[in-house]
Amino acid sequence: MRLPRSALLCVAAAAALALAAGDAALAQRVFSRGGATNIGVVRGGGYRGGYSGGGGRSYTSGYFAPPLIGVPPVVVDDDGPGPWRRQVRRAPSGAPAANERRLVPDEVVVEVANSVSPQQIDALQRRHRLIRLEAQTFRLSGATLVRWRIPDRRSVGSVVRALQAERVVTSAQPNYLFTLQDESKVVAEGDPAQYELAKLHLPQAHTIAKGDNVPVAVVDSGIDAKHPELTGAVSQSYDALSSPFTPHKHGTAIAGLIAAHGKLMGVAPAAHILAIRAFDGSGAGAEGTTFNILKGLDWAAANGARVINMSFAGPSDPALHRSLAAAHKKGIVLVAAAGNAGPQSPPLYPAADPNVIAVTATDADDKLFARSNRGRYIALAAPGVQILVASPDGKYEVSSGTSNSAAEVSGIVALMLERKHDLSPDQVRDILLATAKDLGLKGRDTMFGAGLADAYGALMAEPAPVTAAAALERVSTGAR
């Protein structure tokens, strides 16, 4: 017998409550007596363009029971084939692509529910012959992640697939590697004019706002807080690494582009920098891992960041996506460098994440930086070529790259939030795109996005009201 849809929704809600209470047997009885043709418990994944579980099946005419904390969402589909069946869907595999090399070659990152006991985690470790490196419960995602080393010659992919078969494992993946996005050279002498100030209309913008007291997190390499450009700008700092702290040129440059107030003028000179060292600059090139970036994001959210600047790029990372989605939901504006891998590169992350504002780089003539990534995910552009930046030990460099452009847009967001502190991340994005100066092909394109950022225009714009119809449309289509 086919029940009315309202009855099916009640069945799903009752089952969810039973699961929340930890009574799996009761939940099963609810399922078995509910009379629905198909009731599925869906784990992981979001819903895009309809109702779809992390396992990939699309529920085009189902009802969605809102998830309870700690309980997987329940989807009721009354159009599925009978007889009904209970289905458990897991997240898509976190195993890396066959040709993926941007990862730590002997490490895996595993997510388990907070209800999993230490004894269960230890048993999991023994079964899979792994060496535990660290574990942390992340407030943003509400999950516990464990980083393990593979002590033998097994591949990361094979270990990830084996771990995913475990009941207590929510997800498993590599510890991916991300790289900072700039190209620098030391300046022997001279002080080139900061052409970006005029390009972004910052002199006019600074008559209205300077980012006063807006916390901007910089997830990067070590920042030289003693640099004359950053005196008093770094209000808090967090080190996600275990290696000795050393100031690094990239982190120092990015913080200076946002909040410099000495020889140089930052975009938001009165902003408060939350300095997060997640990239180790001791080697030839600074690299950051999934686990350390997640620790930095978690700390930033817990310490009041309104903006998070991510001037780095790497592969698609499921764990990072979940944290970014949680940060966006908390009202944090996320800005990232589009990447310097060139026009043939596939999308780079976190810039290509739907929760992030991706920024590309232009030069003094409004031409695109030759090594900028292209793609539909590019939101807008900002000056990033031949930019004078701060460097450790009171020095200066000329730097090029999308890293610089992302920092400038993060600074513009700080100005916007000082003027209208209750702007949502979506409103910030909409204003930035609506007020950008169109470059390249007419309208938004894959090279410049909406065009060149305009700090003064963004400050003067009024946010569009979010109507109930618009909110419903965003939910139903999976739009941000």
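Residues numbered from 1 in each chain as written. Predicted model: local features only at pLDDT ≥ 70, side-chain atom pairs only at ≥ 80, totals over all residues. Heavy atoms only, no water.

> If you had to explain the overall build of the protein to someone new, which residues and values would you point to?
What the protein contains, in helices and strands, is 13 helices and 23 strands. Within the span of the protein, comprising 480 residues, buried residues form 55% of the whole. Intrachain contacts of the protein at a sequence separation of at least 6 include 75% that bridge at least 24 residues. In the structure as shown, the protein presents an accessible area of about 20,500 Å², 55% of it carried by carbon and sulfur atoms. (Helix = DSSP H or I, 4+ residues; strand = E, 2+ residues; numbered from the N terminus. Buried < 20%, exposed > 50% of the residue type's maximum accessible area, 1.4 Å probe, protein only. Contact = heavy atoms within 4.5 Å. Areas by Shrake-Rupley, 256 points an atom, 1.4 Å probe, with all protein chains shown as cover.)

> I'd like to hear about the packing of helix α8 (residues 290-302) against helix α9 (residues 318-329), residue by residue, with values.
Where α8 meets α9, the axes come as close as 10 Å, and the angle between the chain directions of the two elements is 10 degrees. One finds that α8 runs roughly parallel with respect to α9. Taken together, the residues of α9 that come into contact with α8 (itself represented by T290, I293, L294 and L297) are A319, L320, S323 and L324. (Axes fitted to C-alpha atoms, helices over the stretch in contact; angles between N-to-C directions. Parallel < 35°, antiparallel > 145°, perpendicular 65-115°, else oblique.)

> I'd like to hear about the packing of aromatic side chains, residue by residue, with values.
On inspection of all chains with the given rule, the structure shows four aromatic pairs. Ring centres of F138 and F291 lie 5.8 Å apart, and the angle between their planes is 75 degrees; on these two criteria the pair is classed as edge-to-face. In this pair, F138 is assigned in strand β8 (residues 131-138) and F291 in helix α8, connecting sequence segments 153 residues apart. There is no split in this pair, since F138 and F291 are both buried. Taking 5.8 Å as the distance between ring centres and 80 degrees as the angle between the ring planes, the aromatic pair formed by F178 and F312 counts as edge-to-face. Of this pair, F178 sits in strand β10 (residues 169-180) while F312 sits in strand β18 (residues 312-313), placing them 134 residues apart in sequence. Accessibility classification places F178 together with F312 in one group, the buried group. Every member of this aromatic cluster is reached through a ring pair, and the members are F178, F279 and F312. A cation over a ring is seen here: K263 above Y396, with NZ or CZ 4.5 Å from the ring centre. (Phe/Tyr/Trp six-rings, centres within 6.5 Å; stacked < 30°, edge-to-face > 60°. Lys NZ or Arg CZ within 6 Å of the ring centre and 35° of its normal.)

> Can you break down the pairing of strand β23 (residues 395-400) residue by residue, with the values?
With respect to burial, β23 is a largely interior element, five of its six residues being buried. Two strands pair when backbone bridges link them, and strand β22 (residues 387-391) and β23 are joined in this way by five bridges, in the antiparallel orientation. Note that in β23 the partner of S391 across the bridge is K395. Here β22 folds back onto β23 in antiparallel fashion, the turn holding three residues, of which D393 has a positive phi close to 65 degrees. (Pairing = 2+ DSSP bridges.)

> Tell me about the sheet that holds strand β12 (residues 215-220), residues and numbers included.
Here we have seven strands laid out as an open sheet, ordered β13-β14-β12-β17-β19-β20-β21, and parallel in their pairing. Whereas interior strands pair on both sides, the edge strands pair on one side only; in this sheet they are β13 (234-239) and β21 (378-383). Each neighbouring strand pair of the sheet contributes to a mean axis angle of 25 degrees, computed without reference to strand direction. Summarising the sheet, strand β19 (residues 333-337) and strand β20 (residues 357-362) pair through three bridges and their orientation is parallel. Paired with A337 across the bridge in β20 is V359.

> Quick rundown of the packing of helix α10 (residues 402-419) against helix α11 (residues 425-435)? Include the residues and the values.
Interhelical geometry of α10 versus α11 gives an angle of 115 degrees and a closest axis separation of 11 Å. Classified by the angle their axes make, α10 and α11 are roughly perpendicular. When the axes of α10 and α11 are compared, the crossing they make is right-handed. Taken together, the residues of α11 that come into contact with α10 (itself represented by V409, I412, V413, M416 and L417) are V428, I431 and L432. (Left-handed = near helix turned anticlockwise from the far one by under 90°.)

> Which residues make up the confidence of the model for the protein, and what values go with them?
A residue-level look at the protein finds 75% of positions with pLDDT of 70 or above and a mean pLDDT of 82. Every residue in residues 24-89 scores below 50 in pLDDT, and together they form 140 contacts with partners more than four places removed in sequence or on other chains. Predicted confidence is poor over residues 468-480, with pLDDT under 50, and the contacts of this stretch with residues over four places away or in other chains come to 15 contacts. (pLDDT = per-residue confidence, 0-100.)

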